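# Structural characterization, general
Chain by chain, the residues run as shown.
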Amino acid sequence: MVVMLGLLLHNLLGYRVVAFMLLVTVSILAMFLDIVPVLLAALLSAVFWNFLFIPPRFTLTVGTTEDRILLLMYFIIASVNAVLTYKIRQVEKEVKARDEKAKSVKFYNTLLNSLSHELRTPITTIIGCADNLQSNSGRLSEKDKSELVAEISVASIRLNQQVENLLNMSRLESGFFTVKKDWCDINDLIYKTLHRLEPNLQNYHVKVYISEQLPLFQLDFGLMEQVLFNLLINITQHTPEDTQITIRADAVEQSLVLSIADNGKGFPENEISKVFDKFYRLRDARTGGTGLGLSIVKGFIEAHNGTIELKNLPVCGSLFTITIPTAISHINKVKDE
Amino acid sequence: MSNSLSILIIDDEAQIRKLLAITLQSNGYSIQEAASGKEALTCVAMHPPDLILLDLGLPDQSGHDVLKHLREWFTNPVIIVSVQNGEEDIVKALDAGANDYLIKPFRTGELLARIRSALRKAASVANMPVADYTDLFIDFANRIVKKDNVTVKLTATEYSLLSLFAQNEGKVLTHQYLLQHVWGPTHQNESQYLRVFVAQLRKKIETDPNRPAHIITESGVGYRFIGHGNDHS
């Protein structure tokens, strides 16, 4: 293309300017292409320049000594240019890779720290309590013993929850993850989850609003149960007891809209955009939690092609809104006689 | 020992076998143990137990295969105990004749309740004339259902569903199984009817339909009918 342009401008500018145009082209190519094609371009452009522009034109012979030196210099400059640009790019690439590696190492370290803390704390408790019961049994009162057993029980439940989260996360990231949709009764889904969470929610005021006419939705019951479970657990971790939790389910057009609101203290505005990030934990978060719960929620909802939004409510508290477009069935009341 | 009920524990993890053995023996059951599928099948052939606890992940063959072989002749209850919590796996085992399932880690109380319920079912006669639970009464001969001594009007489908549940008390019935036995083989994919009828039935027979004591949802798998409302926990 540049050769063509050169042919057009040749009469106006002379063949030496064409040489510079070709040089610029080779330099630009060096910024994007690999070393071999760039050197090839340098060689080819030298040949073209010689063949098409250096008098006598349309031959590979070069008329004057001056032009011969020019041609040689052209080829050297083009080649050196190509090699140098290529080298600079290599160095840049290396620096970038090193930076990224440092960044991911840092990320990995934070992750490992938080994980090992979350996993080791309950394990330490279990080992410690069991050791105590085993070797110190004679000196422990019955009350001490039952307290140690209770500690083991709490720690193992906590450990199990963390492992569950990690397994879910790796399930999501493995790619071998399928959403098995079937007709779901939202009423059943919500109350089943609340029943499972009864011990955690006993000091909260939970209100559920579901219309009698709410249709059935095509969802993966197990995944949605996990979504609600994680969201509610999250609320109990971030809001004080006596908080009111309001769960609402509606059909809006062809979507299920689930909203979960609390009247706690809400989320810090500058952290709202990050709460669904993997391993993200609020700055003032209490102990417990790997920062995986909400990212699993988001992952499971996105696997349903849905969305989740979080915002703070005007006076106090926060509101999670889940919207999942899905098939709907209105056969709520079936007459079979 | 001779008159206590025997339970065979099939699990390749010695630790789990030990835990189960201690738990079950202290509750009056006698115990047999097997660490592989082959060992299990030999053991069952020689001393058929009253109940089997079967782990799905065995070293020599899959628990599903063991279950298949067992069900060719063994009719006593089999409870699946597994770490795999994929619903498909559970549904597959239930459809192959398992009576119930437990996911590791499980609570001891839950384990014992499931065992009691499976054994009770095995002991009861298949064609019982009536079922009398504390708040619920079913007269199968006359198709009468009473909730807190008040006769409840059920539709034909609601009644079929309830009587199928009651005849399989304590057992998890998969969605497929229920659809096939209440609606017939041509309705296997119409689970929306099942959801609606379960919801309607709960409104009629449960004290609080939102906290069902009789018809329990097993997420992604099916439903379990509990006769005595307080037996579940």
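## A closer look at the overall build of chain B
From N to C terminus, chain B includes 8 helices and 12 strands. Viewed in the frame of its principal axes, chain B has a C-alpha envelope of about 50 × 40 × 30 Å. Per-residue burial over chain B gives 52% buried out of 233 residues. Sequence separation of at least 24 residues holds for 57% of the intrachain contacts in chain B that already meet a minimum separation of 6. Accessible surface computed for chain B: about 10,800 Å², of which carbon and sulfur atoms make up 51%. Put simply, chain B has 23 plus and 27 minus side-chain charges, and the middle of one group is 4 Å from the middle of the other.

## Comments concerning the pattern of salt bridges
On inspection of all chains with the given rule, the structure shows 20 salt bridges over all chains. With a closest N to O distance of 3.6 Å, A:Glu142 and A:Lys145 form a salt bridge. Here the residue A:Glu142 and the residue A:Lys145 both occupy positions in helix α5 (residues 142-174), the gap between them amounting to 3 residues, near one helical turn. Where B:Arg202 meets A:Asp188, a salt bridge forms, and the shortest distance between an N and an O atom there is 3.2 Å. Note that B:Arg202 is positioned in helix α8 (residues 191-205) and A:Asp188 in helix α6 (residues 186-196), a pairing that runs across two chains. Both residues of the pair, B:Arg202 and A:Asp188, count as buried. Here the salt bridges do not stand alone but share partners, grouping B:Asp100, B:Glu110, B:Arg114, B:Glu218 and B:Arg224 into one network.

## Considerations on the domain arrangement of chain A
One frequently used descriptor of interface size is the decrease in accessible area upon assembly of the parts. All names here are of chain A. Once the domains are mapped, chain A shows domain 1 (1-177) and domain 2 (182-329). Computed over C-alpha atoms only, the centres of domain 1 and domain 2 are separated by 38 Å. Facing 16 residues of domain 1, the contacting portion of domain 2 comprises 18 residues. Summed over both partners, the interface of domain 1 with domain 2 buries about 1,400 Å², with 67% contributed by carbon and sulfur atoms.

## Remarks on the pairing of strand β11 (residues 215-218) of chain B
All names here are of chain B. A two-sided burial pattern is seen for β11, the buried positions comprising Ile-215 and Thr-217 on one face and Ile-216 and Glu-218 on the other. As judged from the 4 bridges shared by β11 and strand β12 (residues 222-225), these two strands associate in the antiparallel manner. Opposite Ile-216, over in β12, you have Arg-224 as the bridge partner. In this antiparallel pair of consecutive strands, β11 and β12, the connection spans 3 residues, and Gly-220 shows a positive phi of 70°.

## Points about the interface of chain B and chain A
Contact with chain B, which involves 25 residues of that partner, is made by 28 residues of chain A. Both faces considered, chain B and chain A share a buried interface measuring about 2,100 Å² in area, 44% of it formed by carbon and sulfur atoms. Taken as a group, B:Gln192, B:Arg195 and B:Asn210 account for 24% of the area that chain B buries against chain A, more than any other trio of residues on that side. Here A:Glu198 ties to B:Arg211 by a salt bridge, and the two come within 2.4 Å at their closest N and O atoms. Joining chain B to chain A, the criterion identifies 13 residue pairs in polar contact (both at pLDDT 80 or more).

## Quick notes on the sheet that holds strand β2 (residues 30-34) of chain B
Residue and element names in this part refer to chain B. One open sheet accounts for 5 strands, arranged β2-β1-β3-β4-β5; its pairing is parallel. Each of the sheet's edge strands pairs with one partner strand only, and the pair in question is β2 and β5 (100-103). Between one strand axis and the next, the sheet turns by 20° as a mean value, whatever way the strands run. In the packing of helix α3 (residues 63-70) onto the sheet, contacts are made with β3 (51-55) and β4 (78-82), and the angle to β3 comes to roughly 155°.

## Regarding the environment of B:Asp139
Residue and element names in this part refer to chain B. Within the element layout of this structure, Asp-139 appears in strand β7 (residues 136-139). Through-space distance from the C-alpha of Asp-139 to that of Pro-129 is 6.3 Å; in sequence the pair is 10 residues apart. With sequence-adjacent residues up to four places away left out, Asp-139 is seen in contact with Pro-129, Val-130, Ile-144 and Tyr-159.

## A few points about helix α3 (residues 35-53) of chain A
Its 19 residues give α3(A) an end-to-end C-alpha distance of 26 Å, which sits within 8% of 27 Å, the value for a rise of 1.5 Å per residue. When we look at burial in α3(A), the residues that qualify are A:Val38, A:Ala41, A:Ala42, A:Ser45, A:Ala46, A:Trp49, A:Asn50, A:Leu52 and A:Phe53.

## Observations concerning the domain arrangement of chain B
All names here are of chain B. Taken domain by domain, chain B consists of domain 1 (6-123) and domain 2 (130-225). Between the C-alpha centres of domain 1 and domain 2 there is a distance of 27 Å. Contacts between the two partners involve 13 residues from domain 1 and, on the opposite side, 12 residues from domain 2. Viewed at the interface, domain 2 and domain 1 are joined by 2 salt bridges. For Asp-100, the salt bridge is made with Arg-224, and the minimal N-O distance between the two is 2.6 Å. Between the two partners, domain 1 and domain 2, sit 5 residue pairs in polar contact (both at pLDDT 80 or more).

## Description of the packing of aromatic side chains
As enumerated under the stated definition, the model contains 7 aromatic pairs over all chains in all. Stacked on the ring of A:Tyr209, the Lys or Arg A:Arg248 has its end atom at 4.6 Å from the ring centre.

## Concerning a negative patch on the surface
Judged by side-chain charge, B:Asp12, B:Glu13, B:Glu39 and B:Asp60 come together as a negatively charged surface patch. Its place among the elements puts B:Glu13 in the loop between β1 (6-10) and α1 (14-26).

## Some thoughts on the packing of helix α8 (residues 221-238) of chain A against helix α9 (residues 293-303) of chain A
All names here are of chain A. α9 packs onto α8 with a crossing angle of 150° between their chain directions and a minimal axis gap of 9 Å. Regarding the angle of α8 to α9, the classification is roughly antiparallel. The handedness of the crossing between α8 and α9 is left-handed. For the pair α8 and α9, the contacting residues are Leu-223, Gln-226, Val-227, Asn-230, Leu-231 and Asn-234 in the first and Gly-293, Leu-294, Ile-296, Val-297, Phe-300 and Ile-301 in the second.

## Here's the deal with a nonpolar patch on the surface
All names here are of chain A. On the surface, a cluster of nonpolar side chains totalling about 560 Å² of accessible area is made up of Val-24, Ile-28, Leu-29, Met-31, Phe-32 and Leu-33. In this fold, Ile-28 is placed in helix α2 (residues 15-32). Overall, Ile-28 belongs to the partly exposed group, its relative accessible area being 44%.

## Some details on the nonpolar core
Core analysis: the biggest nonpolar cluster contains 51 residues, and A:Ile186 and A:Leu231 have the highest contact counts within it. If you tally residues by element for this core, the top one is α8(A), at 10 residues. The residue makeup of this core includes at least three contributed by each of domain 1 (1-177) and domain 2 (182-329) of chain A. Beyond its immediate stretch of four places on either side in the chain, A:Ile186 contacts A:Ile210, A:Leu214, A:Phe217, A:Leu219, A:Ala249, A:Leu256 and A:Leu258. Of all hydrophobic cores here, the second largest spans 27 residues; its members include B:Leu136, B:Ile138, B:Leu179 and B:Val198.

Thresholds, definitions, all that
Residues numbered from 1 in each chain as written. Chains lettered and ligands numbered in written order. Predicted model: local features only at pLDDT ≥ 70, side-chain atom pairs only at ≥ 80, totals over all residues. Heavy atoms only, no water. Helix = DSSP H or I, 4+ residues; strand = E, 2+ residues; numbered from the N terminus. Buried < 20%, exposed > 50% of the residue type's maximum accessible area, 1.4 Å probe, protein only. Contact = heavy atoms within 4.5 Å. Areas by Shrake-Rupley, 256 points an atom, 1.4 Å probe, with all protein chains shown as cover. Lys, Arg positive; Asp, Glu negative; His and termini not counted. Charge placed at Lys NZ, Arg CZ, Asp CG, Glu CD. Salt bridge = Lys/Arg side-chain N within 4 Å of Asp/Glu carboxyl O. Domains from an automatic or database assignment. Buried area = accessible area lost by both parts, 1.4 Å probe. Pairing = 2+ DSSP bridges. Polar contact = N/O pair within 3.5 Å; in protein donor to acceptor, adjacent residues only side chain to side chain. Axes fitted to C-alpha atoms, helices over the stretch in contact; angles between N-to-C directions. Expected span 1.5 Å × (residues − 1). Phe/Tyr/Trp six-rings, centres within 6.5 Å; stacked < 30°, edge-to-face > 60°. Lys NZ or Arg CZ within 6 Å of the ring centre and 35° of its normal. Patch = residues over 30% accessible without salt bridge, like charges linked within 9 Å, V, L, I, M, F, W, Y side chains within 5 Å. Parallel < 35°, antiparallel > 145°, perpendicular 65-115°, else oblique. Left-handed = near helix turned anticlockwise from the far one by under 90°. Core = buried A, V, L, I, M, F, W, Y, C linked by side-chain atoms within 4.5 Å.

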